[in-house]
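Next come the chains, spelled out residue by residue.
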Amino acid sequence: MSAVLEREGAAQAEARSPGVWAAAWLRLKEDPVGLAALAVVLAFLTLILASAVGLTAADWQLEKGVPYAFPRFIGERENIEAQSMAGMSIDKSRKAIDISDVDPLAPRYREWAERTAKLSLIEPQRLETLFAGGDRWGRDVLAKAIKGSQVSIFVGVFAALVATLIGTVFGALSGYFGRWIGDGLEWIYNVFTAIPTILLIFAFAAVFGRGIGTVILILGLTGWTGTYRLVRAEYLKHVSREYVRAAHAIGASHASRIFVHILPNVSHVVLVQLSLLVVAFIKAEVILSFLGLGVPIEMVSWGTMLGEAQNELIIGKWWQLAAATVFMAIFVTAFSLLTDALRDALDPRLR
Amino acid sequence: MAAYLVRRLWQMIPTLAGVVLLIFFLFKFFGGDPAEILAGQISDKQQIESIRQQLGLDQPWWVQLWIFVKQILTFDFGQSWMTKEKVSALFATRLPATLTVMIPILLLDVFLAVPLAMLVAYVRGSLTDRAIVAVCVLAMSVSFLVYIIFGQYVFGFLLGWFPVQGWSDHFATNLLKYAPLPVILAVFVGLAPQTRLYRTFFLDEINHDYVRTARAKGLDERVVMFKHVLRNAMIPVLTNVSVQLPSIFVGSFLIEVFFSIPGLGREVLLAVNRSDYPVIQAVTIYLAVLTMLINLGADLLYRLVDPRVVLR
């Protein structure tokens, strides 16, 4: 047995043709648009990694500026909203009506006042302008956009991973075994595609509630059908090929044939599907979060930023809308272009 | 033909059964006890008890499933938990608003995207082609939400060309006064992806031999494009439209939310936010049935459009 292996190794060393991935990388390197898109996507991934470990935008919840602080490039202007809010908190000159004889809490006011006096409140110096402007509470919009990118991209990528995993495993089993397993999985596929996607998402959202994990689960559970279809077609094609029959002849198990022998040969389909799903799911997350079915209130995503921006725009505060839109547009464009480049690189026949 | 129809309808039964099982078990096992959900919103104990009886919650699951199936077959999902409106009445009152907005969107989308795609495909490889494709990619990367927020603000609020939002009881008022802005925005958003997709359909056809033959025998370019290429490219276009068709019933939920249009999409979203299970279940199941019927209709339509298609 070891002799056979050695001889195989020697044969491999002799005729080294580049593998699928190496060849794809070579083709991708010649595509300037693809490389530029890759650079942008990698820059975004570095940014959100830095944000995830707390290097950037860790203080996005800090109210650094005055409410609706103007962006720095516009400069200081009259800020009616900030003034009116400041007025509310400072105006203590008005006397309250004495209701201590009917107020059940009256005896404890003195105690509370003493305890309050012991605490020292730090009123931070609020800036009049912030680099990209401030939101309703004076939080830095740039930091919010970075943190929002982290959440939105994280959800998109992981939901796409879940959907691709389900679609690939189901598709592989269905295409490989066929017969009753194939029929059963085809039935499940038909059921999931019979319901309009958006209704399926709503039905899942109604029972599972809200939260980041939930959004990933919902998108993953409802979005696997396209991948399933393609992977199944590939497996149907590959299962009767000679290399798979050869693997059977040397005693490779079903699992080995499905995942070790065939899977690498269809992985380019899976990868392209995965990146298509990332874009689709980022857009879906933005809409779900906007509708209040997505990420919880204490977190920020591009969707929640757009939700806040809707009301801000009416009073002329456009920067949060602009920040979320620009971040999302750059990432989604770069990722879409990268997907196209990947597809070209992985499947040269399409050219 | 008749045999085909019967077989297709027969094949729908297992799928439909699957849809019913999926929805039933989804709400049964993950939806929680309806009585508990309602307890937060309805304080009347008797009312909760009557809901439990109506749903048969004190009985084993197969009995509950049977009650569920009976509800579906008799078109009687009872009342909405929150609004007390009959669920069947919900469809009748909400669907017209949705269709008033969605049908113009669908028609305009097709009638604008097809000529544009044909034009872009005709000048393929040129600067115009690449510029339009690039604009399409960029336009598609901006969220739908941004277009609506911005469009509503500029055309409704700043310029005042259209009402910011609203709806009336008269079809003509709705169509001419309240629908235009949502329709224009949705068509504008839909145009980029549609054009990009249809462009590939036209490119596929332009590269075929018959086009070269038509040109070789000296046909006018207009005849080649409009008579030969267009007719053949309409087949995948038709497929695409028929795939989108079911979504027109709830597809406009975002638009309905933004423009306060009392349509089915907004109603479903409200139901999700209120945990109003009967509404969600009914809409999901009936729209699944409708989707299957529309798909069947589309397959029959192919036969009319493309004689090469054999129905089996």
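None of the values given here were measured: they were computed from a predicted structure. (Residues numbered from 1 in each chain as written. Chains lettered and ligands numbered in written order. Predicted model: local features only at pLDDT ≥ 70, side-chain atom pairs only at ≥ 80, totals over all residues.)

The next subject is the overall build of chain B. Regarding its fold elements, chain B presents 14 helices and zero strands. Going residue by residue from the N terminus, the α and β elements of chain B occur as α-α-α-α-α-α-α-α-α-α-α-α-α-α. Taking the principal axes of the C-alpha coordinates as reference, chain B spans close to 80 × 60 × 35 Å. Within chain B, the proportion of its 312 residues that are buried is 31%. Relative to all contacts within chain B whose residues are 6 or more apart in sequence, the contacts with residues 24 or more apart total 66%. (Helix = DSSP H or I, 4+ residues; strand = E, 2+ residues; numbered from the N terminus. Buried ≥ 20, exposed ≤ 12 C-beta atoms within 10 Å, placed from the backbone. Contact = placed C-beta atoms within 7 Å.)

Our next topic: the interface of chain B and chain A. Taken together, the contact pairs 39 residues of chain B with 34 residues of chain A. Among the elements of the structure, α1 (2-30), α6 (127-141), α7 (144-158), α12 (253-258), α13 (264-273) and α14 (277-305) of chain B are those that each provide at least two residues to the side of chain B that touches chain A. In terms of residues, the side of chain B that touches chain A owes the most to one element, α1 of chain B, which gives nine residues. Residues that form the side of chain B that touches chain A fall into these classes: 28 nonpolar, 11 polar and no charged. (Nonpolar A, V, L, I, M, F, W, Y, C, P; charged D, E, K, R; others polar.)

Next up on the list: the nonpolar core. Side chains of a nonpolar character, in soluble globular proteins, are inclined to be buried together. Core analysis: the largest hydrophobic core is formed by 137 residues, its most contacted members being Phe202, Leu306 and Ala324 of chain A together with Val268 and Ile280 of chain B. Considering every element that reaches this core, the biggest residue donor is helix α6 (residues 141-177) of chain A, with 16 residues. The residues contacting Phe202 of chain A, other than those within four sequence positions of it, are Val268, Val272 and Ile280 of chain B. With 15 residues, the next largest nonpolar core counts Ala113, Ala121, Tyr198 and Ala233 of chain B among its residues. (Core = buried A, V, L, I, M, F, W, Y, C linked by C-beta atoms within 7 Å.)

Take the packing of α1 of chain B against α14 of chain B next. Helix packing for two helices is described by the angle between their axes and how far apart those axes are. Residue and element names in this part refer to chain B. Running from N to C, α1 and α14 point in directions that differ by 160°, and their axes come no closer than 11 Å. Compared by their axis directions, α1 and α14 come out roughly antiparallel. For the element pair α1 and α14, the recorded crossing hand is right-handed. Two secondary-structure elements touch here, α1 through Arg8, Met12, Thr15, Leu16, Val19, Val20, Ile23 and Phe27 and α14 through Tyr277, Gln281, Thr284, Ile285, Ala288, Val289, Met292 and Leu296. (Axes fitted to C-alpha atoms, helices over the stretch in contact; angles between N-to-C directions. Parallel < 35°, antiparallel > 145°, perpendicular 65-115°, else oblique. Left-handed = near helix turned anticlockwise from the far one by under 90°.)

In regions of low pLDDT, the predicted coordinates are not meant to be interpreted in detail. Averaged over all residues, the pLDDT of chain A is 80; the fraction at 70 or higher stands at 86%. Least confident of the elements in chain A is helix α1 (residues 2-14) of chain A, whose mean pLDDT is 50; most confident is α6 of chain A, at 90. (pLDDT = per-residue confidence, 0-100.)

All right, on to the pairing of strand β1 (residues 65-71) of chain A then. Residue and element names in this part refer to chain A. For β1, the tally of buried residues reaches six of seven residues, placing the bulk of the element in the interior. Inspection of the sheet shows β1 paired to strand β2 (residues 127-130) by three bridges, in the parallel sense. Its bridge partner being in β2, Phe70 is matched across the sheet by Thr129. (Pairing = 2+ DSSP bridges.)

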